[in-house]
Amino acid sequence: MKTLKRVTRATAIAAVILLVAACSGMSRQDQNTAIGAGVGAVGGAVLTGGSTAGTVGGAVVGGVIGHEVDK
């Protein structure tokens, strides 16, 4: 079980590093949209107990809000 936790943690860290690197060529508005979608997806999943509709809905709402910031 400890090995699974280590692999999961390493995978999550690698994913975050890749996402940050992918944002380097984006405009500020694109970065805000991506961050908003990610935060919205997590929020939607938490609020709805992990339902697919809640996760996707949260991502959409978060992406729209992130897109509109700094306009």
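Up top you'll find the structure we're talking about.
Please read these numbers as outputs of a predicted model, since none were measured by experiment.

**So, a positive patch on the surface**
Then step 1. Side chains of Lys2, Lys5, Arg6 and Arg9 sit close together on the surface and give a patch of like positive charge.
Then step 2. The residue Lys5 is located in helix α1 (residues 2-22) in this model.
Then step 3. With relative accessibility at 58%, the residue Lys5 sits in the exposed group.

**Considering the environment of Asp30**
Then step 1. For Asp30, the location among the structural elements is in helix α2 (residues 28-47).
Then step 2. Put simply, Asp30 and Val64 are 34 residues apart on the chain and 11 Å apart in space, counted from C-alpha to C-alpha.

**Topic: a nonpolar patch on the surface**
Then step 1. A surface patch of nonpolar side chains, amounting to about 260 Å² of accessible area, comprises Val56, Val60 and Val64.
Then step 2. Mapped onto the secondary structure, Val64 falls in helix α3 (residues 52-68).
Then step 3. According to the relative accessible area criterion, Val64 is partly exposed, its value standing at 48%.

Each value, and the rule that gives it
- Residues numbered from 1 in each chain as written.
- Predicted model: local features only at pLDDT ≥ 70, side-chain atom pairs only at ≥ 80, totals over all residues.
- Heavy atoms only, no water.
- Patch = residues over 30% accessible without salt bridge, like charges linked within 9 Å, V, L, I, M, F, W, Y side chains within 5 Å.
- Areas by Shrake-Rupley, 256 points an atom, 1.4 Å probe, with all protein chains shown as cover.
- Salt bridge = Lys/Arg side-chain N within 4 Å of Asp/Glu carboxyl O.
- Lys, Arg positive; Asp, Glu negative; His and termini not counted.
- Charge placed at Lys NZ, Arg CZ, Asp CG, Glu CD.
- Helix = DSSP H or I, 4+ residues; strand = E, 2+ residues; numbered from the N terminus.
- Buried < 20%, exposed > 50% of the residue type's maximum accessible area, 1.4 Å probe, protein only.

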